[in-house]
Amino acid sequence: MNKTIYQERRNALAKLIYTKTGGGIAVISTAPELARNRDSEFPYRHDSDFFYLTGFEEPGASLVIVVKGGDKTHQVQSHLFCRPKDPEREIWDGIRLGPEAAPTMLGIEYAHSNQELDHKLGELLANQDAIYIRLAESAEADRRLRHWMKQVRGQGRSGINPPSEFHDVEALIHEMRLFKDEHEIDIMRRAAAISARAHIRAMQICRPGMREYQLEAELLHEFRNSGAQSVAYNSIVAGGANSCILHYRAGSTELRNGELCLIDAGCELDGYASDITRTFPVNGKFTGPQRALYDITLAAQEAAIAMARPGNTFMQPHEAALTVLTQGLLDENLLKLSELGSLENAIETGAYRRFYMHRTSHWLGMDVHDVGSYREHTENSLQEEKPWRILKRDMVITIEPGLYIRPADDIDAAFWNIGIRIEDDAVINDSGCELISRGVPVNADEIEAIMKNA
Ligand code: GLY
Ligand code: MN
Ligand code: MN
């Protein structure tokens, strides 16, 4: 484990706290374990913010960062609260790091049993003006905070003051997480490479008569066999009409000759997501109408990719995709030029939304829909709408245009149930972007070749 990166992140957060309030104390807990039923739990997944600052994956842990400000500089002390060693429980649940080993293993100054958290926070919060926590997180978190505050307030007659300022710690951490460091980009490249191989595997194995869940199994095989710990989100494997349902899951629908299969699936590797969508013909050969809409979607993606570069806004790739998709819909007479008058009007009136109802991009990182504001931070709070975020080096976005044609009387039946999305992951660099998920081709001819040669 590279302890330094986590120390550097804690120091960077401490510096933000020092700059904002001259000092303070931050408390960030990891995610709770969740019961699935009776004695069985959902697979445990740490909280992303907590992991970002500690690299620690066990449940039941909290991080407290104490920032003591001086005139010109500040001091940082980090405390980890974690599950104590317990030979009996470890037989059942596995080895715990424990507070004795944590400082050396994690490079953190202090570690304590999590049973001491409430008591110790009473001490640490004394005479701190500002506390940085997740605001309005849960009733349980509020209850704990009240308990800590009560302890400090109880010492008032000894001259000890409780904090009087409450700040949102997430806003600071999420701004940090929006910009990925080399370590993170390296993991994301590897995650995307695994997911790309999984998509190729699914294309190669697909045959008419198979069921969606069988392709899902192939994806999972590649993810786990490559060392990915999990899916980054529930895989979508959607045959035929299901491809037009945006949040469909892999079900038991048969994949039929002549229909499309849309797969939106990505693994999570070492805490980082990948997010890839490919759409291919179940029998390995696109029909004319499928190919026409596929090529429009791909052209829209290429237009968006060209706009994914530093200095452009987050919305520019979307606007570029929208123009190409809408022109394509007019060309195929799915939108009627005679009714809409012009491309501009088809976009302005939102007529395209019937066939393209989602955005083209989102941040990608530890979470598939990753954190970070989509708007610029401007001082002028009276401004009605803050401008869209300017893309900068080391931000990571998805680029995922789509077209979804559901059956309707006014639509040529040749287009019914064609749902297409093409999604890649892009790291913004100095001159444009690096597509880290192109280990699986997007070109229709290349997809057909992969399927034919399987
Ligand atoms: N897989 C979720 C998304 O594409 O946004
Ligand atoms: Mn996505
Ligand atoms: Mn996706």
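Our structure's up above, just so we're on the same page.
Summary of the structure given here. As the structure is a computational prediction, the values presented were derived from the model and not from experiment.

**Topic: the sheet that holds strand E7 (residues 130–133)**
The mixed open sheet is built from six strands, whose spatial order is E6-E5-E4-E1-E7-E8. The sheet is open, and its two borders are formed by strand E6 (110–113) and strand E8 (165–168), each paired with just one other strand. Between one strand axis and the next, the sheet turns by 20° as a mean value, whatever way the strands run. In the sheet, strand E1 (residues 24–29) pairs with E7 via two bridges, with the strands oriented parallel.

**Quick notes on the pattern of salt bridges**
Following the criterion strictly, the structure yields 39 salt bridges and no others. Linking Arg201 and Glu218 is a salt bridge whose minimum nitrogen-to-oxygen distance equals 2.8 Å. Of this pair, Arg201 sits in helix H8 (residues 182–205) while Glu218 sits in helix H9 (residues 212–225); the two residues are 17 residues apart in sequence, bridging distant segments of the chain. When its relative accessible area of 24% is taken as the criterion, Arg201 is described as partly exposed. Through salt bridges that share partners, Arg45, Asp47, Asp49, Arg134, Glu137, Glu170, Arg177, Lys180, Glu268, Asp367 and Asp370 make up one connected network.

**Examining the packing of H8 against H9**
Relative to each other, H8 and H9 sit at 145°, their axes nearing to 8 Å. Of the two possible hands of crossing, H8 and H9 adopt the one that is right-handed. Of the residues in H9, those touching H8 at Ile194, Ser195, Arg197, Ala198, His199, Arg201, Ala202 and Ile205 are Leu215, Glu218, Leu219, His221, Glu222 and Phe223. A breakdown of the residues in the contact of H8 with H9 according to their chemical character gives seven nonpolar, three polar and four charged.

**Quick notes on helix H10 (residues 288–307)**
Counted at 1.5 Å a residue, the expected span for H10 with its 20 residues is 28 Å, and the 29 Å between its end C-alpha atoms agrees. Among the residues of H10, Gln290, Leu293, Tyr294, Ile296, Thr297, Leu298, Ala300, Gln301, Ala304 and Ile305 are the ones counted as buried.

**Looking at the site of ligand 1**
The full set of residues close to ligand 1 is Tyr233, Asp264, Asp275, His362, His369, Glu400 and Glu423. Measuring from a nitrogen atom of ligand 1, one finds a side-chain N or O atom of Asp264 at 3.2 Å. A distance of 2.6 Å is found between an oxygen atom of ligand 1 and a side-chain nitrogen or oxygen belonging to His369. Out of a free accessible area of 190 Å², ligand 1 has 83% covered by protein chains. Judged by the fraction of its atoms near the pocket grid, ligand 1 is located in the largest pocket. The class makeup of the residues in the shell around ligand 1 is one nonpolar, two polar and four charged.

**Observations concerning the coordination of the manganese ion (ligand 3)**
In an ideal octahedron of six donors the angles at the metal are 90 or 180 degrees, and in an ideal tetrahedron of four donors they are 109.5 degrees. Ligation of the manganese ion (ligand 3) by protein atoms is provided by Asp264 (OD), Asp264 (OD), Asp275 (OD) and Glu423 (OE), these donors lying 2.0 to 2.4 Å from the ion. Its six donor atoms give the manganese ion (ligand 3) angles of 57 to 169° at the centre, a pattern that matches the irregular case. Positions of the donor residues of the manganese ion (ligand 3) along the chain correspond to the pattern D-x10-D-x147-E. Here the manganese ion (ligand 2) and the manganese ion (ligand 3) are spaced 3.3 Å from one another, each receiving a donor from Asp275. In this pair, Asp275 is assigned in the loop between strand E13 (272–273) and strand E14 (276–281) and Glu423 in the loop between strand E17 (418–421) and strand E18 (424–428), connecting sequence segments 148 residues apart.

**Some words on the layout of surface pockets**
Taken as a whole, the largest pocket spans an internal volume of roughly 1000 Å³. Considering the residues around the largest pocket, the lining is formed by 35 residues, among which Val231, Ala232, Tyr233, Asn234 and Val368 are closest to the centre. Elements supplying a minimum of two residues to the lining of the largest pocket: H9 and strand E9 (230–231). Split by residue class, the lining of the largest pocket holds 11 nonpolar, 11 polar and 13 charged. The computed volume of the second largest pocket comes to approximately 560 Å³. In this structure, the second largest pocket is lined by 25 residues; those nearest its centre are Ser29, Thr30, Ser62, Glu137 and Arg144.

**A word on the coordination of the manganese ion (ligand 2)**
Taken together, the protein donors to the manganese ion (ligand 2) comprise Asp275 (OD), His362 (NE2), Glu400 (OE) and Glu423 (OE), at separations of 2.0 to 2.2 Å. Viewed at the metal, the six donor atoms of the manganese ion (ligand 2) are separated by angles of 50 to 153°, and the geometry they form is irregular. Given a relative accessible area of 10%, His362 falls into the buried group.

**What to know about the sheet that holds strand E15 (residues 396–399)**
In space, the three strands of this open sheet follow the order E15-E18-E19, with antiparallel pairing throughout. The open sheet is flanked by E15 and strand E19 (433–435), the only strands paired with a single partner. The sheet shows a mean angle of 35° between the axes of neighbouring strands, direction not considered. Along the sheet, H10 contacts E15, E18 and E19; its crossing angle with E15, the most-contacted strand, is approximately 160°.

**So, the packing of aromatic side chains**
Per the counting criterion, the structure on display carries six aromatic pairs. Ring centres of Trp363 and Tyr374 lie 4.9 Å apart, and the angle between their planes is 5°; this geometry places the pair in the stacked category. A residue pair is termed long-range when its members are at least 10 positions apart, and Trp363 in the loop between helix H13 (343–348) and E15 and Tyr374 in the loop between H13 and E15 qualify at 11 residues. Classification of Trp363 by relative accessible area gives buried; the value is 0%. The rings of Phe314, Trp363, Tyr374 and Trp388 are connected pair by pair, giving a single aromatic cluster.

Analysis parameters
- Residues numbered from 1 in each chain as written.
- Chains lettered and ligands numbered in written order.
- Predicted model: local features only at pLDDT ≥ 70, side-chain atom pairs only at ≥ 80, totals over all residues.
- Heavy atoms only, no water.
- Pairing = 2+ DSSP bridges.
- Helix = DSSP H or I, 4+ residues; strand = E, 2+ residues; numbered from the N terminus.
- Axes fitted to C-alpha atoms, helices over the stretch in contact; angles between N-to-C directions.
- Salt bridge = Lys/Arg side-chain N within 4 Å of Asp/Glu carboxyl O.
- Buried < 20%, exposed > 50% of the residue type's maximum accessible area, 1.4 Å probe, protein only.
- Left-handed = near helix turned anticlockwise from the far one by under 90°.
- Contact = heavy atoms within 4.5 Å.
- Nonpolar A, V, L, I, M, F, W, Y, C, P; charged D, E, K, R; others polar.
- Expected span 1.5 Å × (residues − 1).
- Near = heavy atom within 4 Å.
- Polar contact = N/O pair within 3.5 Å; in protein donor to acceptor, adjacent residues only side chain to side chain.
- Areas by Shrake-Rupley, 256 points an atom, 1.4 Å probe, with all protein chains shown as cover.
- 1 Å grid on protein atoms, 1.4 Å probe; cavity = no way out; pocket = protein on both sides within 12 Å on 5 of 7 lines; lining within 4 Å.
- Sits in = over half its atoms within 2 Å of the grid points.
- Donors = N, O, S within 2.8 Å, 3.2 Å for Na, K, Ca; no water.
- Tetrahedral: all angles 85-135°; square planar, octahedral: opposite > 155°, others 65-115°.
- Points joined across faces, edges and corners; volume = space filled by probe spheres on them.
- Phe/Tyr/Trp six-rings, centres within 6.5 Å; stacked < 30°, edge-to-face > 60°.

By themselves, these are just geometric observations and shouldn't be taken as functional.
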